[in-house]
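# Summary of the model geometry
The lines below spell out each chain.
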Amino acid sequence: METALSSTPIREGKRWQKTMLELCSNPLTLSGLVIVGILVFTAIFAPVLAPYDPQRIDTYHILEAPSSAHLLGTDGLGRDCLSRLIFGARISLLVGFVAVGIATAVGTVLGALAGYYGKWVDSVIMRFVDIMLCFPTIFLIMAVIAFLEPSIWNIMIVIGLTGWMGVARLVRAEFLSLKKRDFVLASRICGASDLQIVFGEILPNAIAPILVSATLGVGGAILTESALSFLGIGVQPPTPSWGNMLTEGKDNLEIAWWLSVFPGLAILVTVLGYNLLGEGLRDFFDPRKKR
Amino acid sequence: MGFISFLLKRILGLVPTFFGITLISFFVMHLAPGEPMSLQADFNPKMTPEMRQRLRAQYGLDKPLYVQYAKWLKGLVHLDLGRSFSPDRRKVWDKISERLPVTILINFLSMLLILAVSIPLGVRAAVRENSLFDQVTTVLVFLAYAAPAFWVALLLMLLFGIEWNLLPVSGLHSLMGYDQMGLFEKVLDWSKHLILPVFVSAIGGLAGFSRYTRSSMLEVLRQDYITTARAKGLPERVVIYRHALRNALLPFITILGLSIPGLIGGSVIFESIFAIPGVGQLMWSAVMARDYPVLMGNLVIVAILTLLGNLLADVGYAAVDPRIRTGLQEQE
């Protein structure tokens, strides 16, 4: 049990260091961290890293196989695939963060309301969760997208608004077990308001599972975006996203294998990275797995 | 509480969920900028405000929302989902119902594949925890989780269809000479066309279910009654497959029900890649054409099917596990 003493600034810094060390001691978590780190780095420094302008059309070099000039080949408009892949990392990073951010926020608020207030609030919210779970997510997303312009922002918002149910259930369960604890009772006796108890007392204790599910959710959001972009209803060309690059791969499957192989590999590795990190965090927070 | 009353209670419980599904579908339909018919109207340069007004009245869009909802709901109960916006102007229900069997067939086959492969895989991995076999399956599961299904489909098409020319990559059956084939040849032709789509739609489930079987088995194997079974000298086979697996697989039924929407959702992807005329492809083409009646019809029909699937799973669970219907087990 942590005591009030342990939260002095010096100890705080040391604890953070210790946490990082402990996290990195698991090779799988470490590789997840490294992959996500590379993704962030690539996305931020894309203009510096990319050898070509990702949207520059070069009609003299159409559908060229990988060579020293174009490491991953060129596409149907002669654009450099490596450069497009590097800029595509921006989309993946953005989608992951924004969509999961929305889903986590909505899920946390609804789950907290349901778990904390119980009774009819709980029944209504959980019934809503059950209803949402009956729709195949991608059908719901497609139906909404059909009414909106398919832009990256709309995609992220819709993915976020259709992916909060898992978080809501999780947060509700956490609140159900936490709200009966002594420290919650103690702060209520001290006159804390509902808002203070929910956000100041209970939520901080439920952060770990929320963080784990958010990290695992990023991979799912990236997969959904890439599938939508692949189907032509996500990120629109010429903006490069890994999903819409694969559409071109499909159209040129017989003559240009590199268009299909590399973007998919990028998605695979990125999602793998987030999943490894998420699983690592889960083990890290799981008291049963501690020595 | 007997089984019949449990069943009745469950079915009654579905009623609000059913109305919720229709409400959300109806709400999504009214998200349309303007209204569902505005697209038709916008494409017509001769459209005057009076004509627009008449069209609104014809579609019932001038009435208050709750009247529109009641009318739509009434239609839904009679399987009347309106007519498609596409030039053929066919009934939405006809369009959906002719495509449903294909999607259900493929999802059913892939479910069989998932169960047939993932259960033995998960059991083996759990029994030999931390062995090489366990580690290899874990790696495969992680890869299958992270791989976009449509990308795997492309790679398989590249290898089996183009590189090795072993399997057809589009459609449900051959276009040339299909009518002259005998029954056996037809079945063979269908099977060849279905191998890749079924496999692709099963990938995610394969990963999820093997992982689930493994962890569920590990949990069960630690229980006292397993130790008892071993202590009284039962062969390991019997302990694993008769005592442990049965209990480990119980929650499977619920998970099967919950995985229905994911499977049907996945059909959008593989049906559009492999050019299979199912509900997913219909959904995709409806989005591309902004064919709102078809879109909404699809959404609501698939959700209701999911609801029924979940009911079936619940009933199945109660049938095998008496704790559920007697309410002895605490709700999650």
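Residues numbered from 1 in each chain as written. Chains lettered and ligands numbered in written order. Predicted model: local features only at pLDDT ≥ 70, side-chain atom pairs only at ≥ 80, totals over all residues. Heavy atoms only, no water.

## Here's the deal with helix H12 (residues 242-251) of chain A
Across the 10 residues of H12(A), 7 count as buried, placing the element largely inside the fold. Along H12(A), the residues classified as buried are A:Trp242, A:Gly243, A:Asn244, A:Met245, A:Leu246, A:Glu248 and A:Gly249. Packing partners of the buried residues in H12(A) comprise helix H2 (27-44), helix H4 (81-117), helix H11 (207-230) and helix H13 (257-285) of chain A together with helix H7 (149-163) of chain B. (Buried < 20%, exposed > 50% of the residue type's maximum accessible area, 1.4 Å probe, protein only. Helix = DSSP H or I, 4+ residues; strand = E, 2+ residues; numbered from the N terminus. Contact = heavy atoms within 4.5 Å.)

## Let's talk about the packing of helix H6 (residues 137-147) of chain A against helix H7 (residues 152-161) of chain A
All names here are of chain A. Axis separation between H6 and H7 bottoms out at 10 Å; the angle between their running directions is 145 degrees. Between H6 and H7 lies a crossing whose hand is right-handed. In this structure, H6 uses Ile 141, Val 144 and Ile 145 to contact H7, whose residues at the interface are Asn 154, Ile 155, Val 158 and Ile 159. In the contact of H6 with H7, the residues fall into 6 nonpolar, 1 polar and no charged. (Axes fitted to C-alpha atoms, helices over the stretch in contact; angles between N-to-C directions. Left-handed = near helix turned anticlockwise from the far one by under 90°. Nonpolar A, V, L, I, M, F, W, Y, C, P; charged D, E, K, R; others polar.)

## Structural notes on the pattern of salt bridges
All names here are of chain A. All chains considered together, the criterion is met by 11 salt bridges over all chains. Here Arg 79 ties to Glu 248 by a salt bridge, and the two come within 3.7 Å at their closest N and O atoms. Here Arg 79, found in the loop between helix H3 (46-49) and H4, pairs with Glu 248, found in helix H12; they are 169 residues apart in sequence, far enough to count as distant. In this structure, Arg 79 and Glu 248 share a single accessibility class: buried. With its nearest N and O atoms 3.2 Å apart, the salt bridge here joins Arg 169 to Asp 130. Within this pair, whereas Arg 169 is found in helix H8 (residues 165-178), its partner Asp 130 is found in helix H5 (residues 119-134), the two being separated by 39 residues in sequence. Overall, Arg 169 belongs to the partly exposed group, its relative accessible area being 36%. (Salt bridge = Lys/Arg side-chain N within 4 Å of Asp/Glu carboxyl O.)

## Some thoughts on unusual backbone geometry
The amide bond that connects A:Pro237 to the next residue, A:Pro238, takes the cis arrangement and shows omega of 10 degrees. Secondary-structure assignment places A:Pro238 in the loop between H11 and H12. One non-glycine residue, B:Leu79, lies in the positive phi region at around 55 degrees. Structurally, B:Leu79 is set in the loop between helix H4 (65-77) and helix H5 (92-127).

## What to know about the packing of aromatic side chains
Any aromatic ring pair is given by two values, namely how distant the centres are and how the planes are angled relative to each other. Summed over the entire model, instances satisfying the criterion amount to 12 aromatic pairs over all chains. Plain terms: the ring middles of A:Phe41 and A:Phe45 are 4.9 Å apart, the flat faces sit at 45 degrees to each other, and that makes the pair tilted. The class of A:Phe41 is partly exposed, set by a relative accessible area of 46%. Given the relative accessible area of 38%, A:Phe45 is considered partly exposed. Ring centres of B:Phe26 and B:Trp72 lie 5.8 Å apart, and the angle between their planes is 45 degrees; this geometry places the pair in the tilted category. With B:Phe26 in helix H1 (residues 3-29) and B:Trp72 in helix H4, this residue pair connects regions lying 46 residues apart in the sequence. For the pair B:Phe26 and B:Trp72, a shared accessibility class is recorded, and that class is buried. One aromatic cluster is present, built from ring pairs that chain together A:Trp257, A:Trp258 and A:Phe262. A cation over an aromatic ring shows up here: B:Arg124 above the ring of B:Phe133, its NZ or CZ 4.9 Å from the ring centre. (Phe/Tyr/Trp six-rings, centres within 6.5 Å; stacked < 30°, edge-to-face > 60°. Lys NZ or Arg CZ within 6 Å of the ring centre and 35° of its normal.)

## Quick word on the interface of chain A and chain B
Facing the 42 residues of chain A at the interface are 51 residues of chain B. In total, about 4100 Å² of surface goes out of reach between chain A and chain B, with carbon and sulfur atoms giving 81% of it. On the chain A side of the interface with chain B, the three residues burying the most area are A:Cys134, A:Phe139 and A:Phe147, jointly 20% of the side's total. Between A:Glu279 and B:Arg211 there is a salt bridge, with the nearest N and O atoms lying 2.9 Å from each other. Across the contact surface, chain A and chain B share 7 residue pairs in polar contact (both at pLDDT 80 or more). Secondary-structure elements contributing two or more residues to the side of chain A that touches chain B are H5, H6, H11, H12 and H13 of chain A. Partitioning the side of chain A that touches chain B into residue classes produces 32 nonpolar, 5 polar and 5 charged. (Buried area = accessible area lost by both parts, 1.4 Å probe. Polar contact = N/O pair within 3.5 Å; in protein donor to acceptor, adjacent residues only side chain to side chain.)

## Looking at the side chain of B:Ser201
Position of B:Ser201 among the secondary structure elements: in helix H8 (residues 183-221). For B:Ser201, the residues in contact, after removing those within four places along its chain, are B:Ile106, B:Ser110, B:Leu263 and B:Phe270.

## Description of the nonpolar core
One finds A:Phe139, B:Phe274 and B:Leu295 to be the most contacted residues of the largest nonpolar core, which totals 134 residues. Look past the residues within four positions of A:Phe139 in its chain and what remains in contact with it is B:Ile264, B:Gly265, B:Val268, B:Val279, B:Gly280, B:Met283, B:Asn298, B:Leu299 and B:Val302. (Core = buried A, V, L, I, M, F, W, Y, C linked by side-chain atoms within 4.5 Å.)

## Some remarks on helix H14 (residues 292-320) of chain B
Over its 29 residues, H14(B) extends 42 Å from the first C-alpha to the last, a length consistent with the 42 Å expected when each residue adds 1.5 Å. The buried count for H14(B) comes to 22 of 29 residues, which makes it a mostly enclosed element. (Expected span 1.5 Å × (residues − 1).)

## Details of the side chain of B:Ser110
Residues and elements named next belong to chain B. If you trace the backbone, Ser 110 turns up in helix H5. Taking relative accessible area as the criterion, Ser 110 reaches 0% and is therefore assigned buried. Of note is the side chain of Ser 110, whose polar atom sits 3.3 Å from the side chain of Ser 201. With sequence-adjacent residues up to four places away left out, Ser 110 is seen in contact with Val 198, Ser 201, Ala 202 and Leu 263.

## Description of the confidence of the model for chain A
One rule of thumb: low pLDDT means the predicted coordinates there are not for detailed reading. All names here are of chain A. Mean pLDDT for chain A: 85, with 94% of residues reaching 70 or above. Per-element mean pLDDT across chain A ranges from 72 in helix H1 (residues 9-24) up to 92 in H4. In the model, residues 1-7 has pLDDT below 50 throughout and makes 5 contacts with residues more than four positions away in sequence or in other chains. (pLDDT = per-residue confidence, 0-100.)

## Looking at the environment of B:Lys63
Relative to the helices and strands, B:Lys63 resides in the loop between helix H3 (49-59) and H4. B:Lys63 sits 190 residues away from B:Ile253 along the chain, and the two C-alpha atoms are 45 Å apart.

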